[in-house]
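Take a look at the letters that make up each chain.
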Amino acid sequence: MALYSDKVMDHFRNPRNVGIIEDADGVGEAGNPVCGDIMKIYLKIADDTVADVKFETFGCGSAIASSSMATELIKGKPVSEAMSLTNKAVAEALDGLPAYKMHCSVLAEEAIKAAVRDYYDRHGISYDPALFREHIHCAHEADEKSSS
Ligand code: FES
């Protein structure tokens, strides 16, 4: 079986929503200290809905595919749905990622949450900070990376 699904390869080779939004309502960034990859998400919000979303990812193919899929999953959706997008949902939408590449999808979840938080902060919208608890990158993940 191929290491990467056709969907991963498709979103890696033809990533959707690449770029920046100059007048974004929220911008979020996430990075993985182990591999050094960085993802940035730009949101344009209208009527509490993700009217547009773009990303810039300096990272591996799985991170690019995860960014692309994640932006597709939240585009046109209510902000609350964007907030609840999990890395697992992103990986499932890509028909799976190898276990040692799951952390790449975590960047997408974290960057989107950071962008929503930035949107809330900029617009004076109150929220429960517990919703934005940072994902803990476990030591196990670091071990997986160093052995890959
Ligand atoms: Fe770090 Fe993919 S995001 S290897």
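Residues numbered from 1 in each chain as written. Predicted model: local features only at pLDDT ≥ 70, side-chain atom pairs only at ≥ 80, totals over all residues. Heavy atoms only, no water.

Q: So what about the packing of helix α2 (residues 61–74) against helix α5 (residues 102–122)? Which residues, and what values?
A: Running from amino to carboxyl end, α2 crosses α5 at an angle of 40°, the nearest separation of the two axes being 8 Å. When the axis of α2 is compared with that of α5, the two are oblique. With respect to the hand of their crossing, α2 and α5 are arranged in right-handed fashion. For the pair α2 and α5, contact is made by Ser62, Ala63, Ser66, Ala70 and Ile74 and by Cys104, Ser105, Ala108 and Ile112, respectively. Considered class by class, the residues forming the contact of α2 with α5 number six nonpolar, three polar and no charged. (Axes fitted to C-alpha atoms, helices over the stretch in contact; angles between N-to-C directions. Helix = DSSP H or I, 4+ residues; strand = E, 2+ residues; numbered from the N terminus. Parallel < 35°, antiparallel > 145°, perpendicular 65-115°, else oblique. Left-handed = near helix turned anticlockwise from the far one by under 90°. Contact = heavy atoms within 4.5 Å. Nonpolar A, V, L, I, M, F, W, Y, C, P; charged D, E, K, R; others polar.)

Q: Give me the lowdown on the packing of aromatic side chains, citing residues and values where you can.
A: If you walk through the whole model with that rule in mind, you get four aromatic pairs. With a centroid separation of 5.7 Å and an interplanar angle of 40°, the aromatic rings of Tyr119 and Tyr120 are classed as tilted. Tyr119 gets classed as buried once you look at its relative accessible area, which sits at 9%. Through a chain of ring-to-ring contacts, three or more aromatic side chains come together here, namely Tyr119, Tyr120, Tyr127 and Phe132. (Phe/Tyr/Trp six-rings, centres within 6.5 Å; stacked < 30°, edge-to-face > 60°. Buried < 20%, exposed > 50% of the residue type's maximum accessible area, 1.4 Å probe, protein only.)

Q: I'd like to hear about α5, residue by residue, with values.
A: Helix length check: α5 (21 residues) gives 31 Å between terminal C-alpha atoms against 30 Å at 1.5 Å per residue, within 8%. Across the 21 residues that make up α5, a large majority, 16, are buried. One or two positions beyond α5, positive phi appears at Gly124, with a value near 65°. (Expected span 1.5 Å × (residues − 1).)

Q: Please set out the side chain of Asn17 residue by residue, giving values where relevant.
A: Considering the arrangement of structural elements, one finds Asn17 in the loop between α1 (6–13) and β1 (26–31). Classification of Asn17 by relative accessible area gives buried; the value is 12%. A polar atom in the side chain of Asn17 sits 2.9 Å from the side chain of Thr71. Side-chain polar atoms of Asn17 contact the side chain of Lys75, separated by 2.9 Å. Residues within four places of Asn17 in sequence aside, it is in contact with Val53, Lys54, Phe55, Ser68, Thr71, Glu72 and Lys75. (Polar contact = N/O pair within 3.5 Å; in protein donor to acceptor, adjacent residues only side chain to side chain.)

Q: Give me the lowdown on α2, citing residues and values where you can.
A: If you check α2, its first and last C-alpha atoms are 20 Å apart, about what 14 residues at 1.5 Å a residue would give, namely 20 Å. Burial within α2 is extensive, with 11 of its 14 residues counted as buried. The secondary structure elements touched by the buried residues of α2 are α1, β2 (38–46), β3 (49–58), α3 (79–83), α4 (87–93) and α5. Looking one or two residues past α2, Gly76 carries a phi angle of roughly 80°, positive in sign.

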